[in-house]
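# Observations on chain architecture
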Amino acid sequence: YLGLPVLPHVELTNNAKGKLRKLADYEESTAFVTLAMVKSIVSKATWARAALVDDSASAEAFIDVNSDIETGKFYLMLIAGNSIIKYIPLDEVNDSKSILMDYLNEDMPLPSEGGYRILAFRSRRTKKGDKMGSTVFVDHLGDIYTALVFPRQYQMALPRLQEGREVRMFIQELKDGGYCVAGFE
């Protein structure tokens, strides 16, 4: 016995199942959707990290320090840049009206070529206290990506990066291989 959980039965469309990624394929710099159990949570004053496990592997991702994620429960999670950006408890997946489920079930219209549809935006503060964020978005082919929004772009980005909205933005590759929002059309 390897300590890997058996995934409870959940009704997902074939489209949704095809978009899920196993934790064995986890890459910290990418954005993806997974179905996993939260094995444990470590919390400190300014951060929290969840240990995740599915039937293929285990991994860790940061969560909001005030998150209501619980250990021992399964969640459908949107993970981006080593953080859980959105999550749905497994027992609520079939009743969920979230944009994440719309994306998985292909009920969300894809953006036009050159545009991006916003799946999520999460704000945080830098060590200096400046506001910055992370966004997760879908391109016209249905692929998901994540990009940082640095403090210099934050005020311009905030009203544009609303969940479900189609935007035209300039994405810049960073030296570490990640991306940031460089501006908007």
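### Let's talk about the nonpolar core
In terms of nonpolar packing, the biggest core is built from 27 residues, with Leu78 and Leu119 touching the most fellow members. At the level of elements, strand 1 (31–43), strand 4 (74–80), strand 5 (83–89), helix 2 (99–104), strand 6 (116–125) and strand 7 (131–138) are the ones that each hand at least two residues to this core. A total of five residues in this core trace back to one element, the largest contributor, which is helix 2. Ignoring sequence-local partners within four residues, the contact set of Leu119 consists of Leu78, Lys86, Ile99, Tyr103, Met108, Val136, Phe137, Val138, Ile144 and Glu163. If you look at the next biggest cluster of nonpolar residues, it comprises 17 residues, including Ala59, Ala61, Ile69 and Ile79.

### So, the packing of aromatic side chains
This structure, assessed with the given rule, holds six aromatic pairs. Judged by centre distance (6.1 Å) and plane angle (80 degrees), the rings of Trp47 and Phe62 are edge-to-face. Of the two residues, Trp47 sits in the loop between strand 1 and strand 2 (48–53) while Phe62 sits in strand 3 (residues 58–63), which places them 15 residues apart along the sequence. Note on Tyr116 and Phe137: the rings are 4.9 Å apart at their centroids and 75 degrees apart in plane angle, and the pair reads as edge-to-face. Of the two residues, Tyr116 is situated in strand 6 and Phe137 in strand 7; the sequence distance between them amounts to 21 residues. Directly above the ring of Tyr103 sits Lys19, whose terminal nitrogen or CZ lies 4.1 Å from the centroid. Over the aromatic face of Phe184 sits the side chain of Arg160, whose NZ or CZ is 5.0 Å from the ring centroid.

### A look at the confidence of the model for the protein chain
Scored by pLDDT, the protein chain comes out at a mean of 91, with 96% of its residues at no less than 70. Taken element by element, the protein chain is modelled with least confidence in helix 1 (residues 14–19), mean pLDDT 90, and with most confidence in strand 9 (residues 166–167), mean pLDDT 97.

### Concerning the pairing of strand 10 (residues 169–173)
Direction of pairing for strand 10 relative to strand 11 (residues 179–184): antiparallel, over a ladder of five bridges. Bridge pairing in strand 11 links Met169 to Phe184. A loop of five residues connects strand 10 with strand 11, the two strands running antiparallel in sequence, and Gly177 in this loop sits at a positive phi of about 95 degrees.

Quick notes on the rules
- Numbers given to residues run from 1 along each chain, matching the order in which its sequence is written.
- At least 70 in pLDDT is required for a residue's local features to be given in this predicted model, at least 80 for side-chain atom pairs to be given and counted, and no such filter applies to totals for whole chains, interfaces and linings, which use all residues.
- The side-chain quantities take in all heavy atoms of the structure and omit both hydrogens and water.
- Residues belong to one nonpolar core when they are buried, are Ala, Val, Leu, Ile, Met, Phe, Trp, Tyr or Cys, and are joined through side-chain atoms within 4.5 Å.
- Partly exposed describes any residue whose relative accessible area lies between the buried limit of under 20% and the exposed limit of over 50%, with all areas from a 1.4 Å probe on protein chains only and scaled to the type maximum.
- Each helix is a run of H or I in the DSSP string that is no shorter than four residues. Each strand is a run of E no shorter than two, and both are numbered from the N terminus.
- The contact criterion used is simple: two residues touch if any of their non-hydrogen atoms lie within 4.5 Å.
- Here the aromatic set is Phe, Tyr and Trp, taking the six-membered ring for Trp, and pairing holds for ring centres within 6.5 Å; pairs whose planes are under 30 degrees apart are stacked, those over 60 apart are edge-to-face, and all others are tilted.
- Criterion for a charge above a ring: Arg CZ or Lys NZ at most 6 Å from the ring centre, at most 35 degrees from the ring normal.
- Think of pLDDT as the predictor's per-residue confidence, scored from 0 to 100.
- Strands are labelled as partners when DSSP assigns at least two bridges between them.

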